[in-house]
Amino acid sequence: MTQQIRVSNNHRYLTRSNGTPFFYLGDTAWELFHRLTLPEARRYLADRAAKGFTVIQAVVLAELGGITEPTPEGHLPLVNWDPTQPNEAYFRHVDAIVEEAASLGLVIGLLPTWGSFWKQGESKTPIFDESNARIYCELVGKRYRGYPVIWILGGDHTVETDSERAVIDAMAFGLREGDGGAHPITFHPRGPGQSSEALHNAPWLDFNMIQSSHGARDHDNGLFVDQDLALEPRKPTIDGEPRYETIPVGFYNTDARQNDRFDDYDVRQAAYWALLAGACGHTYGNNAIWQMWAPGRKPMIRACVPWYEALDHPGAFQMGYVRRLFESRPYQTLVPDQSLIVNGPRDGGAKVRAARAVDGSFAFIYTPRGEAVTVQLGAIRAQRVAASWFDPRYGIATPIHTGERVGFQTFEPPTSGRGCDWVLVLDDPSRGFPPPGQPV
């Protein structure tokens, strides 16, 4: 069974319980427990494991009719909408999915509830108060204590009042009582937003989560990461909900062009911007998959492709390439370093982001539009420097240069323009690193 997840001793990234780094590559599957049969869930999980995902984000009390509409097998999660009375048949279904995920080496990013069930002032009366929130989460914590999970509170809602904070604190303390501190806790806020805005100093918040959201193209989610990593005490951070593949751009704005959808390039740009700003991983989302849309269901936010077809949209494959690139080097040693960039775009959609290993053994420089970039080779502490272009679309690397480490050098990617993003990889060749994107 997959080992439990921890925050590293230096509070910069996540590890497994044996101390090895854990790359959080999440997929957004909010309605997994609620809408899929067990055979369907197994199909979904097997696909995500094969594509290289490590975390599946799913909600026990889901957003879309989660406590009023039964599962395909006819089960509701609660008896009489009472959080202190979980329906055993429903939770056995959740058990089976969590167990299947564990057997595939996946961690469940488990949300005990969507935010609408605790948030005050929503259209429906919240079912949680400070008392039953603690009882419910203690039950959930105890039930999944022995499984590889990460607790995610919040559920697309943000704490704004003292009474809401009391409910969220009660949930966190309930989870801690139930699982004995076995699993880390984070918080998924309303977007665009950050858990750190209201909760950074909460004693139970082990790492921060961002929702950079779906408002516009070229929205630099690395800026959120920059802000989080400047806070004290230091905590890892991750974008838990960036722009989803196939979701309409800015769908919640009244002037949004409803058939203008984010594509795989938008997904890649968000991933590399966040990671090179110092995030401890990244989360992918697809408009059909989060809601597990299929013909016969009401589509949300103009979903138009069944979830089982959307599994193979290009962005999902490309997230696996992201993980392979970072794991081909000791990525946990990376620190953001824009000083590597002597000349190149510094804002807008073409903004170049860079990070280097603390020992100077390698560096990654991402150019989203394939713009030429002039780099300070002194960042690599070696007599010679090896350079390669890594193609984020296909996961392949092409060596382009090995030579003396002398001053500045300008590198021009093979292609340029929207959709022509590239990662420049600089290495100390004496370290014997594998080709970029090939795991060690």
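In the block above lies the structure referred to throughout.
Everything numeric here is computed off the predicted structure, so don't read it as measured data. Positions within a chain are numbered from 1, following the residues in the order the chain's sequence is written. Restriction of local features to residues with pLDDT of at least 70 applies here, the model being predicted, together with a cutoff of 80 or more for giving and counting side-chain atom pairs; totals for whole chains, interfaces and linings are based on all residues. Heavy atoms from the whole structure form the basis of all side-chain values; hydrogens and water molecules are not counted.

Chemist: Can you walk me through the pairing of strand β8 (residues 107–113) in this structure?
Modeler: Regular strands show a simple pattern: their side chains alternate between the two faces of the sheet. Buried residues are those whose accessible area, probed at 1.4 Å on protein chains only, stays under 20% of the maximum for their type, while exposed residues exceed 50% and partly exposed ones sit between those limits. Only DSSP runs of H or I with at least four residues qualify as helices, and only runs of E with at least two residues qualify as strands; both kinds are numbered from the N terminus onward. By the criterion of burial, β8 is predominantly enclosed, with seven of the seven residues buried. For two strands to be treated as a pair, DSSP must find at least two bridges joining them. Pairing of strand β5 (residues 55–61) with β8 involves six bridges; the strand directions are parallel. Bridging across to β8, Ile-56 finds its partner in Ile-108. Sheet topology note: the β8/strand β9 (residues 149–153) ladder contains three bridges and is parallel. In the strand pairing of β9, Ile-108 is matched with Val-149.

Chemist: Would you explain helix α7 (residues 222–229) in this entry?
Modeler: Where α7 is concerned, the buried positions are Gly-222, Phe-224, Val-225, Asp-228 and Leu-229. Buried residues of α7, viewed axially, fall in a sector of 155 degrees; they line one side. Lining the buried residues of α7 we find β11 (193–194), α6 (196–199), β12 (208–211), β13 (237–239), α8 (264–276) and β17 (353–357). Directions pointing from the helix axis toward each C-beta atom define the arc. In this analysis, two residues are considered to be in contact whenever any of their non-hydrogen atoms come within 4.5 Å of each other.

Chemist: Explanation requested: unusual backbone geometry in the structure shown.
Modeler: What is expected of a backbone is that most residues other than glycine have negative phi and most peptide bonds are trans. Here the residue pair Gly-191 and Pro-192 is connected by a cis peptide bond, since its omega of -10 degrees sits within 30 degrees of zero. Tracing the chain through its elements places Pro-192 in the loop between β10 (185–187) and β11. Put simply, Glu-232 and Pro-233 share a cis peptide bond, and its omega is -5 degrees. Looking at the element boundaries, Pro-233 is found in the loop between α7 and β13.

Chemist: What's the story with the sheet that holds β5 in this structure? I'm lost.
Modeler: Sheets are built from strands paired through backbone hydrogen bonds, the pairs being either parallel or antiparallel. Read across the open sheet, the six strands follow the order β10-β9-β8-β5-β4-β14; overall the sheet is parallel. Edge positions in the sheet fall to β10 and β14 (281–284), since each has one partner strand and no second. With direction set aside, neighbouring strand axes in the sheet form an average angle of 30 degrees. With three bridges connecting them, strand β4 (residues 24–28) and β5 associate as parallel partners. Paired with Thr-28 across the two strands is Gln-57, which belongs to β5. Lines fitted to the C-alpha atoms define the axes, with helices restricted to the stretch that makes contact. Angles between their N-to-C directions range from 0 to 180 degrees. Against the sheet, helix α4 (residues 130–143) contacts β5, β8 and β9, and its axis sits at roughly 160 degrees relative to β8.

Chemist: When you look at the sheet that holds strand β20 (residues 384–391) in this model, what are you seeing that I'm missing?
Modeler: Across the sheet, which stays open at both edges, the six strands sit in the order β15-β17-β18-β23-β20-β21 with antiparallel pairing between neighbours. Strand pairing shows two members of the sheet lacking a second neighbour, β15 (334–336) and β21 (396–404), which therefore form its edges. On average, each strand axis in the sheet is tilted by 20 degrees relative to the strand beside it, whichever way the strands run. Sheet topology places β15 next to β17; three bridges connect them, and they run antiparallel. Following the sheet pairing, Leu-334 is matched in β17 by Ala-357.

Chemist: How do you make sense of the layout of surface pockets when you look at a structure like this?
Modeler: Over the atoms a probe the size of a water molecule is rolled, and this reveals where empty space is left. Think of a 1 Å grid over just the protein atoms. A cavity is a set of points where a 1.4 Å probe fits yet cannot get out, a pocket is an open set with protein on both sides within 12 Å along at least five of seven lines, and lining residues have an atom within 4 Å of a point. Grid points are joined across faces, edges and corners, and a volume is the space filled by probe spheres set on the points. Estimated volume of the largest pocket: approximately 330 Å³. Looking at the largest pocket, it is lined by 20 residues, and the ones nearest its centre are Glu-63, Asp-156, Arg-190, Glu-241 and Phe-251. Residue composition of the lining of the largest pocket, by class: nine nonpolar, six polar and five charged. Nonpolar residues are Ala, Val, Leu, Ile, Met, Phe, Trp, Tyr, Cys and Pro. Charged residues are Asp, Glu, Lys and Arg, and all others, Gly as well, are polar.

Chemist: Help me understand the pattern of salt bridges, please; the structure alone is not making it clear to me.
Modeler: Where charged atoms from two side chains of opposite charge approach closely, those side chains can pair. A pairing counts as a salt bridge when a side-chain nitrogen of Lys or Arg comes within 4 Å of a carboxyl oxygen of Asp or Glu. One pass over the full model with this rule turns up 30 salt bridges. Salt-bridge contacts for Arg-48 lead to Asp-47; the nearest nitrogen and oxygen are separated by 2.7 Å. Here Asp-218 and Arg-369 are joined by a salt bridge, their closest N and O atoms 2.9 Å apart. Of this pair, Asp-218 sits in the loop between β12 and α7 while Arg-369 sits in the loop between β18 (362–367) and β19 (373–376), placing them 151 residues apart in sequence. A network of salt bridges, in which partner residues are shared, links Asp-27, Asp-47, Arg-48, Lys-51 and Asp-312.

Chemist: Looking at this structure, how should I read the pairing of β21?
Modeler: The sheet contact formed by β20 and β21 spans eight bridges and is antiparallel. Within β21, the position partnered with Val-385 by the bridge is Gly-403. With antiparallel pairing between neighbouring strands as the criterion, β20 and β21 make up a hairpin whose turn holds four residues, including Gly-395 at a positive phi of roughly 70 degrees.

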